[in-house]
Every structure is written in C-alpha cells, then in structure tokens.
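Below, each chain spelled out in residue letters.
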Amino acid sequence: MANKIFISYKYWDENVYQNPFLDKINNPSFPNLSFFAKVTPRSYVNVLSKILSNYAIQKWENDDEDLSKFKDSTIASKLRDKIYDSSITIVLISPNMKDYTKPESDQWIPWEISYSLSEYTRNDRTSKTNGMIAIILPDINLSYKYCLEPKQYCNSDILKFDAPFCFKIIGKNFFNKKNPTKYFCPKCFQNHFKGFDNNYFVFATWNEFIKSPQTYINDAIEHSKNVNDYNIVKTI
C-alpha cells in the first residue's frame, strides 16, 4: 500500500552537492538567467518524485506549482491540507536550510514539522502524528560531516541535528525515547545510544535512503505506531 508522503525542504540552498546529473533550478533573484541556475534541494525532490513513485502518493507541491502569487495565509492553508492528508513527512537536511536573519517561527520548515507532529480534527476525523524521516543531503564538497560525523575513536557517529544550522524542533525530536537503549563503549569510554529507535525521527544520508527507501519508510511508520514511547516536541 502506498503511503501519503509530504516533503519539507529549503527550496533554494545552493550549498548542496552540485550533482551534474540533477536538475538545475533557476535562482529566484535572476529567474531568466540560466547562468545562475544551481542544484538545490528542489533538485533532489525531483529525484525523490521518481524514486518514491512506487512507494508514495505525492503530497508535496510540483516544481511547476507556483505558490508565490498567493499570500502567506493561503500558502499555509494549502500546505496544511497536504500535511493533514499525509502519514509520513520527509525533511531534507541541507547546510543552509535555516535563514539566520529570521526567527525560526517566521520560516516554513519548522511549521511544516510542527503540523506534521500534531493531531488535528476536521469533520470528526483526527489526523495522527506523522512518521518522520530526515534525509541528510551532501554538502557542496560531497560530505555529510556538517550533520553526521564519525567519532575518532569508535564506530559511532556524532549527530549534529542540534547544531545552529538546524531547526530546534528537529534536534529536540532526536534522542527523545522515554526508555532509550544505551551501551558503554570501551574505546571512547562513553555511553552511546544504540539503535535508530532512540530517535522519533528516522534518519539517513541521501545515498543510504535512495538505496533502500522502503526500509526507512517502514521504520518511520513503526515509530508512528509507537508514538507514546517518545517525548515528542511539537511546538516551535
């Protein structure tokens, strides 16, 4: 059965890997000058549209669906409708996903995540908390270290979802299982969380996800079925 999936992402972030096989997106500041076109997270969404065609009912906007002519309240309403009718939200993590010049509450991604995690009732039907997947896009140097970095002394990874580049509502929904699984590492002499289920968000690098999308979708669905096992942060 196909799942209804919504994708949240920063449309224009040119600090992602400029994969020559991906679509280039026109710079909104210079829409008629192809010289300024770059690979952006939207380029990766176009790839996901093809990859997920066997797994998903698309609830995200098409690339030719121009919302710019609408006022913010209209856009918000359209996005809420899409998210309300979805069961999984994918968040594309990119280096410049956050605009440091604006409060997080004035940016779209945190609100899309908040709405995805919340329950809303319409016409006697209450939406459930969406399963959440964070896909880390490679940066311009084809590296994931800005968000996911191997530890020097052991095989574990340092997750940086609480770093300044990332929205707080994302970081707060990692390591948020009420009864997490931990183990002591004899190499670095620290306690580590063990297993993906210690985070409500399922996460993967871009390369990992496209190799096995159904695996991560299944994991996200499983987490949503066990939502009471997590301390979910739904507010911005």
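Computed from a prediction, not measured in an experiment: that's the story for all the values here. (Residues numbered from 1 in each chain as written. Predicted model: local features only at pLDDT ≥ 70, side-chain atom pairs only at ≥ 80, totals over all residues. Heavy atoms only, no water.)

### Some words on the sheet that holds strand S1 (residues 3–8)
Put simply, the test is: Two strands qualify as a pair provided that DSSP identifies no fewer than 2 bridges between them. Put simply, DSSP H or I for four residues or longer makes a helix, DSSP E for two residues or longer makes a strand, and each gets a number counted from the N terminus. In this description, a line fitted to the C-alpha atoms serves as the axis of each element, helices being fitted only across the stretch in contact, and the angle between N-to-C directions of two axes falls anywhere from 0 to 180 degrees. Contacts are assigned to residue pairs that have any heavy atoms within 4.5 Å of one another.
Taken in spatial order, the five strands make up an open sheet running S2-S1-S3-S6-S11, and their pairing is parallel. Among the strands making up the open sheet, the edge pair consists of strand S2 (56–58) and strand S11 (202–205). Within the sheet, the average angular offset between the axes of one strand and its neighbour, ignoring direction, is 30 degrees. Examined bridge by bridge, strand S6 (residues 131–136) and S11 share four bridges and lie parallel to one another. Residue pairing in the sheet places Ile 133 in a bridge with Val 202 of S11. Contacting S1, S2, strand S3 (88–93) and S6, helix H1 (residues 41–51) crosses the sheet at an angle of about 140 degrees to S3.

### What to know about the nonpolar core
Selection criterion: Residues enter a nonpolar core if they are buried and are Ala, Val, Leu, Ile, Met, Phe, Trp, Tyr or Cys, with the set joined through side-chain atoms within 4.5 Å. For the exposure calls, accessible area comes from a 1.4 Å probe over protein chains only, and a residue counts as buried if that area is under 20% of its type's maximum, exposed if over 50%, partly exposed in between.
Ranked by size, the top nonpolar core spans 53 residues in total, and within it Ile 90, Leu 92, Ile 93, Ile 133, Phe 161 and Ile 170 carry the most contacts. Other than its neighbours up to four places away in sequence, Ile 93 contacts Ala 134, Ile 135, Ile 136, Leu 137, Tyr 146, Cys 147, Phe 161, Phe 165 and Ile 170. In this structure, Phe 6, Ile 83, Tyr 84 and Tyr 115 belong to the second largest nonpolar core, which totals five residues.

### So, helix H3 (residues 108–117)
In terms of residue burial, H3 counts as a mostly covered element, since eight of its 10 residues are buried. Among the residues of H3, those classed as buried are Ile 109, Pro 110, Glu 112, Ile 113, Ser 114, Tyr 115, Ser 116 and Leu 117.

### What to know about unusual backbone geometry
At Leu 142, a position not held by glycine, the phi torsion is positive, near 60 degrees. Topologically, Leu 142 is positioned in the loop between S6 and strand S7 (148–150). One non-glycine residue, Phe 175, adopts positive backbone phi at about 55 degrees. Along the chain, the position of Phe 175 falls in the loop between helix H4 (168–171) and strand S9 (182–185).

### Some thoughts on the pairing of S6
Counting buried positions along S6 yields six of six residues, so the element is predominantly enclosed. Alternating residues of S6 divide into Gly 131, Ile 133 and Ile 135 and Met 132, Ala 134 and Ile 136, and every residue in both groups is buried. The pairing of S3 with S6 spans six bridges and is classified as parallel. Bridging across to S6, Leu 92 finds its partner in Ile 135.

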